[in-house]
Amino acid sequence: VENIDLTNIEEVKKTVIDLFNRVVEVGRRSLFSDKIYIKNKEEYDKLLYFLIRERFGYGFLEPFLRDPYLEDVHILGLGSIYVVHKIFGMLKTNRKFENEKELNRYIIKYSEIVDRPVSETRPIVDAILPDGSRVNFIYGRDISLHGSSFTIRKFSAKPLSITQLISFGTISPEEAAYLWLAIENGMNIVVSGETASGKTTLLNALATFIRPDAKVYSVEDTPELNIPHPIWQRLVTREVGKAADVSMYDLLRAALRSRPNYILIGEIRGKEGYVAFQAMQTGHPVMTTFHSGNITSLIERLTGEPINIPITFIDNLNIAVFTSTVTIKGKMERRVTSIYEIEKYIAELKKVAVRRVFAWDSIRDKHVFSGKYNSYILEKKIAPLMKIDDKRKIYEILDYRARILRRMVEEQIFDFFEVWEILKNFYINGPSALPFSI
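Source: prediction; values computed, not measured.

### Considerations on the packing of helix H8 (residues 248-255) against helix H9 (residues 272-281)
When two helices pack together, their arrangement is given by the angle between their axes and by how far apart the axes lie.
Point 1. In the contact formed by H8 and H9, the axes pass within 8 Å of each other and the chain directions differ by 15 degrees. In this view, H8 runs roughly parallel relative to H9, as classed from their interaxial angle. When the axes of H8 and H9 are compared, the crossing they make is left-handed. In contact with Met248, Tyr249, Leu252 and Arg253 of H8, H9 contributes Glu272, Val275 and Ala276.

So, in structure tokens, the structure goes:
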């Protein structure tokens, strides 16, 4: 077969199916044909399925990757496979890897497919599968005592929108409107929480609040963000060997030369945090995620090893949003549990002044705007940028934005890109561009 673009998976798949059809035929065998005969259509479909599954899919795990209701797939070694279902939570399945050779062969094959091969010398690998799902491989019984293991976090081709998160109760219209104003006016924001608390999902949803004409620069270890902006410079770290590695630190340093309007960082973990705060200090707004459960821990981790931000720099960060996985009526849900404003560093006390402006009431499952008429960021930062003299008017604008978001939820406008189009048109043409009345 000639003239095939081997980088185009769909073209290669079509060619393989064509070749398959050339050599097989359904029906009775002919003495004068060299084709492979299959007795009926059912056998044909079964063979074609396994061909596509093994060559272009995920082999043994294909059913799990195809199921839209699964969020995570956990292979803990030999034994049963577990999944996280969007409705039923964690479930034990009837599928399992029976022997170590089969499990190791699977991990080696798929880590090589994504160009992040595991080995005895490199047993832990993070990667993105061809469909965008995130996977963490841990290879070898010496560090994974029940046998090699891996976790797949399923990728959604279309990100969750801010209106979907509001409808889920993850965030309130007022919180979203507050963050809308903050992002529109270039505030620096960190979304912080524990593992699987919805940090990246929220960050991606909030990105639709960035002005549509902005140049967005994103830096990630594994590409999870999906930004709708046409001017989007998307960069990913490279790990192939020490000399040829490109780290998040390297990419963030490059960001300062490319003059972005907003920098999105997948997650701050190490010395790249110092560059991120340099970017904030030089007027490049930053949004990022961080692994921390509360404001005290956030500041301690940012100022400690290995990030080492001087505590006097911390007030370059304007807003900290905390997310958590909670149990409500027996179901696991994600909630924005608090939003803090970072005001300033108080030299006399050697402490950072912070103010909580939103809190989640776990008893009523309600988000409370405790900072209304007492917000440092809204009154001292955003109102002057919007040339508002009467600081109370900023709360009227926030209420109006919240009503826009609430109306979108009422109208069931949940599609990520439809939400983006409405927000984009609002930025360009104002309230008259809204497809509904407020």
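### Details of the side chain of threonine 208
Point 1. Considering the arrangement of structural elements, one finds threonine 208 in the loop between helix H7 (199-206) and strand E10 (216-220).
Point 2. The class of threonine 208 is buried, set by a relative accessible area of 2%.
Point 3. A polar side-chain atom of threonine 208 sits 2.7 Å from the main-chain carbonyl oxygen of alanine 205.
Point 4. When sequence neighbours within four positions are dropped, the list of residues in contact with threonine 208 reads Pro228, His229, Phe416, Trp420 and Leu423.

### Brief notes about the pairing of E10
Point 1. When you tally the buried positions in E10, you get five out of five residues, the bulk of the element.
Point 2. Bridging between E10 and strand E11 (residues 232-236) involves five bridges; their strand directions are parallel. Bridge assignment links valine 216 to a residue of E11, and that residue is tryptophan 232.
Point 3. Bridge count between E10 and strand E12 (residues 262-265): four bridges; the pairing is parallel. Its bridge partner being in E12, valine 216 is matched across the sheet by tyrosine 262.

About the cut-offs
- Residues numbered from 1 in each chain as written.
- Predicted model: local features only at pLDDT ≥ 70, side-chain atom pairs only at ≥ 80, totals over all residues.
- Heavy atoms only, no water.
- Axes fitted to C-alpha atoms, helices over the stretch in contact; angles between N-to-C directions.
- Helix = DSSP H or I, 4+ residues; strand = E, 2+ residues; numbered from the N terminus.
- Parallel < 35°, antiparallel > 145°, perpendicular 65-115°, else oblique.
- Left-handed = near helix turned anticlockwise from the far one by under 90°.
- Contact = heavy atoms within 4.5 Å.
- Buried < 20%, exposed > 50% of the residue type's maximum accessible area, 1.4 Å probe, protein only.
- Polar contact = N/O pair within 3.5 Å; in protein donor to acceptor, adjacent residues only side chain to side chain.
- Pairing = 2+ DSSP bridges.

From the geometry alone we can't say anything about function, so treat these as descriptive.
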